[in-house]
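The residues making up each chain are set out below.
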Amino acid sequence: MKVQQISIFMENRAGRLAAVARLLGTTGINIRALSLADTSDFGILRLIVDKPEEAKKALKANSFTFNVTDVVAVQIPDEPGGLASVLEALQAQNVNVEYMYAFVEKCGGKAIVVFRFDDLDGAIGLLQGAGVRVLSRQEVLSL
Amino acid sequence: MPAMIEKKSKPDIRIWQPECECMERSALEALQAERLRLQVERVWQHCPYYAAKMREAGVEPGQIRTIDDVRRLPVTTKADLRDNYPFGIFASPLKDVVRLHASTGTTGKPTVVGYTRDDMQVWSDLVARFLVAGGLTNEDIVQIAFGYGLFTGGFGLHYGAERVGATVIPASSGNTERQIMILRDFGTTALVCTPTYAVYLGEALKQAGVDPEQLALRLGFFGGEFWTHAIRAKIEELYGITATDNYGLSEVVGPGVSGECPYQDGMHIAEDHFLVEVVDPTTLEPVPIGELGELVITTLSKKANPVIRYRTRDISRLNSEPCACGRTMRRMAKVTGRTDDMLIIRGVNVFPSQIEHVLLQFEDAQPHYLLVVTRERQMDQLEVRIEVSEYLFSDQMRQLHDIRERLQRKIDSALGIRAKLTLVEPGSLERFTGKAKRVLDLRNSEIPKN
Amino acid sequence: MKFLQPLQETMSREQLRDVQGERLRAVVARVYRDVPFYKRKLDEAGVHPSDIRTIDDIVKLPFTTKEDFRDNYPFGLYAKPLSEIVRSHASSGTTGKPTVVGYTKADINLWADCCARTLVCGGADRTSVVQVAYGYGLFTGGLGMHYGVERLGAMAIPMSGGNSKRQLMIMRDFGTTHICCTPSYALLLAEVAEEEGFDLRSLGLKAGYFGAEPWSTSMRKAIEERLGITAIDIYGLSEVIGPGVSSECLAHRGLHVFEDHFFPEIIDPVSGKPCPDGEKGELVFTHLTKEGLPLLRYRTRDITEIDHGPCDCGRTFARMQRVSGRTDDMLIIRGVNVFPSQIEHVLLEIEGAEPHYQIIVDRRGTLDDLEIQVEVSPTMFSDEVKKMEGLRKRIAHDIHSTLNVTAKITLVESKSIPRSEGKAKRVIDKRDMN
């Protein structure tokens, strides 16, 4: 149920984002989801890609600082209140969300939300218990 | 009253200038009268400002013979000093002034104070007096964590410690890691700073894993702000030291006006250099010894800028009982408030600091509170709003209710009038940068609908 | 007032040599007896105090370096028991620990004399009003000049550093005639005065005593013009005493070294051999009179040259030129000495920080800016912004508490700092000092 996410340290200057995108592109890696958290001088680019192992190899070869974290992808009905019901279920059990980001699936009309929790396994159990659909790794990569 | 701290029965008594500090009262009063006469004569001749004020009040130097005659003289206020900025009240020519200091803080023009070479000598000795009274010797290593500069605190303590012959480490304020490093590596035995910083530094030591027992520290001299016996107890426990209080204000000299002896029961006033009165802040009439009132200070020896009956706005009381340490100088209690923010409610003087003292018995941290005064049907009403801190809060209704009851009783007995007590949410009282606003007096305005 | 101490300041060179020789004999005998470090050092060098007869014998003595301070931290080099030390000051060390210096009562008096000499060199006398805008505290600048003003009998205004508007208000209202600060701060004051619309040149300001950081001829010209004063270059370092080691006089022909207390030599930094007058080399000082912490042949790492010829002012003391550089990589930022090794030390202390860093010093406007770029290694990296921000804050905080200077910390991508032959270039100094 856990999905590998690659986080890359990036200076906040022109061209850095493009450099990563180009590197992954020329290596034939597809980005499935991404989010950029930034401050005034640096940013953290978080990616879910179709071929994580190859992406890691390419990043390493090009001296990027990155790490790999496990996250959870959850499918949410793409309708008003969809996200709120998931968050309420988490809040009820005091599960701490470190960060999250969302994207909308191309054809299915469903929203996908990626979560990072401090207690990942606990959160997965809880979400499933609450009837929330947690996507498998394979499902995410083939989106 | 806060819990009294138990002291070892026979403290080590050292006296810097026994010939002055242990003078017979009769000789002291004769000396005060003599110095007062000289001082008045001096300002009459050299300060047109004072001369004009005296003429206005119909007093001439010849009428000042005894110390009680001081009451014939007009008082001086901070506004008077400011109006004569920068050197209008100086009694010595500038070429004889070797040092200038100025009050810091607030906006606008500072209050300027000058020192001649003689003034510097006296000042150093006055600080040396309370340092020695608090236990300092020439073997000590003194870390001065007051800011240096126009503020008199840093320099006053610096020169006093130098006078005693101790090793002075002019650490200045700030940079807590560095202060800790010095405490540890330089073998500091005496710490000088504000009481607030002492608490902060003590906590930081704990966090840094430094055991105060391992330090050579044995004494603390804390001043520059008001502090309670409860905070003293906390500091003494944090460091395992003896902490003494001292008092002074730059307008009269800086630190050195008074300081505690090891009995820690009031601060001995350097009466040979300062004539201190305690007056009712409204009528300016003297209050009986032992009663609270405003301190009014006349400098008896200062040359560069003497002040006559300076209204300090500080509230304290005098104690003329003899002290076991042997000093004959009268003692003043810790300053308990300022007349600036004094309220008169149904004829009773109320100081915000009285509320603070009550709250400090309930909590460790700086309490946040606001006194709201309104007038309903010709009657003054006092409401005390208190933010519920973690110390006051309990999730059990009954306990919260108990705390409220106890607070109410303590506040009523401290103020002598009935106040309405309102507990409010943390952070709901307005904060002002620097100084918290403690009083909202709505008696002469529309009563807001809360 | 021409001289503070005419007897000493104008004595003949022959007489001075005799005084220096006699004092050197005494100080060598004293440190050999009282400082185990020097006993060991002299024994190792095969020199005995009896070998020292005239001042020329000084070349037989071994050098003392800043590392010796570090190895003997905090009080190992003191020659007097702590009960006789009445003051301790500190300056930057090469690692996390500062360089600690101690003074006896006599040292404090001597120091006050030397700073008062400095003030008189620039034309001050007892009627002067001196605003001391060097920082007070462990740094020797503020308290050193302060005691000098007091010794002179002039009026001291202990402003300490910072708060430019207040400095200007005091300058105007109190009738300041002389100011002591860093040269860059003088220019900042000029700038603020211009913004506030008051004319510094119309005040009673006569001269300023500028030191604690390198400055250029163009800066001196700008200061003299914009403040309408004479600029006096002063020199000192806490290991020697603080300010008051040497000072320019109104003839502006170099800085008179107070040679009756501090014996100067210029040496070749590599061979250690003495350089003749007029040749640049490293400045070395030997204490002739100091009690608390007398040093033999202390290597300042400052590069300058010396001239023993006579000066128009009448002082017979040799003159050193303005310091033109360093033999080590020490930087002076806003008057504070900073060693790259201190920064490296801080980064090493932070777990996981492999110290790939670069120090960038610039002067934006009039004040120095210090930026430290730190490469983010995989062990330091976290995918959470708040942890990365926390890391940066921690580095900034630790740097500040060790250096006592605020630095901007920039986290940069790994391998983004250019390496030359595998080793990163540590310092980029963009300030123009010529």
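Residues numbered from 1 in each chain as written. Chains lettered and ligands numbered in written order. Predicted model: local features only at pLDDT ≥ 70, side-chain atom pairs only at ≥ 80, totals over all residues. Heavy atoms only, no water.

Details of the pattern of salt bridges
Pairs can form between side chains of opposite charge whenever their charged atoms are close. Residue and element names in this part refer to chain C. Defined as follows: The working definition used for a salt bridge is a side-chain nitrogen of Lys or Arg within 4 Å of a carboxyl oxygen of Asp or Glu. With a 1.4 Å probe rolled over the protein chains alone, any residue whose accessible area is under 20% of its type maximum counts as buried; one over 50% counts as exposed, and the rest are partly exposed.
Per the stated rule, a full pass over the model turns up 64 salt bridges over all chains. Measuring nitrogen to oxygen at the nearest pair gives 3.0 Å for the salt bridge that ties R33 to D34. We classify R33 as exposed; its relative accessible area is 62%. The partner of R392 in a salt bridge is E389, with the nearest N and O atoms 3.0 Å apart.

Some details on the domain arrangement of chain C
Residues and elements named next belong to chain C. To keep things clear, this is the line we draw: Either an automatic procedure or a domain database provided the assignment from which the domain bounds are taken. In what follows, residue pairs with any heavy atoms lying within 4.5 Å of each other are defined as contacts. Buried area: the sum, over both parts, of the accessible surface (1.4 Å probe) that disappears when the two are put together.
Each assigned domain of chain C is listed with its residue range as follows: domain 1 (1-328) and domain 2 (332-429). Look at where the C-alpha atoms of domain 1 and domain 2 centre, and you get two points 31 Å apart. Taken together, the contact pairs 19 residues of domain 1 with 14 residues of domain 2. Between domain 1 and domain 2 lies a buried interface of about 1,300 Å² when both sides are counted; carbon and sulfur atoms form 57% of it. Of all residues in domain 1, S92, T94 and S184 give up the largest surface area on contact with domain 2, accounting jointly for 30% of the area buried on that side.

Comments concerning the packing of aromatic side chains
What counts, and what does not: Pairing of aromatic rings covers Phe, Tyr and Trp, the last counted by its six-membered ring, and requires centre-to-centre distances within 6.5 Å; plane angles under 30 degrees mean stacked, over 60 mean edge-to-face, and any other angle means tilted. We count a stretch as a helix when DSSP gives it H or I for four or more residues in a row; a strand needs E for two or more, and each element gets its number in order from the N terminus.
For the structure shown, the criterion picks out 23 aromatic pairs over all chains. A ring pair is formed by F155 of chain B and Y136 of chain C, whose centres lie 5.2 Å apart and whose planes are at 80°; its orientation type is edge-to-face. Linking F155 of chain B in helix α6 (residues 152-164) with Y136 of chain C in the loop between β3 (129-132) and α6 (140-152), this pair reaches from one chain into another. Overall, the relative accessible area of 6% leaves Y136 of chain C in the buried class. What links up through ring pairs into an aromatic cluster is the set Y148, F155 and Y159 of chain B together with Y136 and Y147 of chain C.

Observations concerning the interface of chain B and chain C
The test is simple: Counted as a polar contact is a pair of N or O atoms within 3.5 Å, where, for protein atoms, one must be capable of donating a hydrogen and the other of accepting one, and residues adjacent in sequence contribute only when both atoms are in side chains.
At the interface, 44 residues of chain B touch 43 residues of chain C. Summed over both partners, the interface of chain B with chain C comes to about 3,500 Å²; 56% of that surface belongs to carbon and sulfur atoms. Taken together, chain B and chain C are joined by 4 salt bridges. A salt bridge links K97 of chain C to D185 of chain B; its shortest N-O distance comes to 2.9 Å. Our count for the contact surface shared by chain B and chain C stands at 24 residue pairs in polar contact (both at pLDDT 80 or more).

A short note on the nonpolar core
For clarity, the cut-off: We call a set of buried residues a nonpolar core when its members are Ala, Val, Leu, Ile, Met, Phe, Trp, Tyr or Cys and they connect through side-chain atoms within 4.5 Å of each other.
Of all hydrophobic cores here, the largest spans 149 residues; its most connected members are L136, Y247 and F274 of chain B together with L24, L61, L119 and M145 of chain C. For this core, the leading source of residues is helix α5 (residues 105-121) of chain C, giving 10 residues. Aside from chain neighbours lying at most four places away, what touches F274 of chain B is Q32, L126, V252, V253, G256, V257, I297, T298, T299 and L300 of chain B. Counting residues in each nonpolar core, the second largest holds 29 residues, with L347, I372, M380 and V427 of chain C among its members.

Some words on the packing of helix α7 (residues 164-173) of chain C against helix α8 (residues 183-196) of chain C
All names here are of chain C. Quick note on the threshold: Where helices are involved, their axes are fitted lines through C-alpha atoms of the stretch in contact, as for all axes, and angles between N-to-C directions lie from 0 to 180°. Oblique is the label for any angle not under 35 degrees, not over 145, and not in the 65 to 115 range, which are roughly parallel, roughly antiparallel and roughly perpendicular in turn. For this classification, the nonpolar set comprises Ala, Val, Leu, Ile, Met, Phe, Trp, Tyr, Cys and Pro, the charged set comprises Asp, Glu, Lys and Arg, and every other residue, Gly included, is treated as polar.
At their nearest, the axes of α7 and α8 sit 10 Å apart, and the two run at 80° to each other. Taken together, the axes of α7 and α8 lie roughly perpendicular to each other. Across the interface between the two elements, S164, K165, Q167, L168 and M171 from α7 touch Y185, L188, L189, V192, A193 and E196 from α8. Its residues assigned to classes, the contact of α7 with α8 shows 7 nonpolar, 2 polar and 2 charged.

Remarks on unusual backbone geometry
All names here are of chain B. The omega torsion of the bond from Y85 to P86 falls at -10°, within 30 degrees of zero and hence cis. Within the fold, P86 resides in the loop between α4 (78-83) and β1 (97-102). Phi is positive for N175, which is not a glycine, with a value near 50°. When you line up the elements, N175 lands in the loop between β4 (167-169) and α7 (176-185). When its relative accessible area of 16% is taken as the criterion, N175 is described as buried. A positive phi angle, near 45°, is found at R309, a position not held by glycine. Within the secondary structure, R309 is located in the loop between β11 (293-299) and β12 (310-316).

Examining the interface of chain C and chain A
Between chain C and chain A, the contact holds 19 residues from the first and 21 residues from the second. Across the chain C to chain A interface the summed buried area is about 1,700 Å²; carbon plus sulfur atoms make up 52%. When the buried area of chain C at its contact with chain A is split by residue, F381, D383 and E413 of chain C rank highest and sum to 42% of it. At the surface where chain C touches chain A, the tally comes to 2 salt bridges. Between E413 of chain C and R16 of chain A there is a salt bridge, with its nearest N and O atoms 2.2 Å apart. There are 9 residue pairs in polar contact (both at pLDDT 80 or more) connecting chain C and chain A. Secondary structure elements with two or more residues in the side of chain C that touches chain A: α11 (385-403) and β20 (408-412) of chain C.

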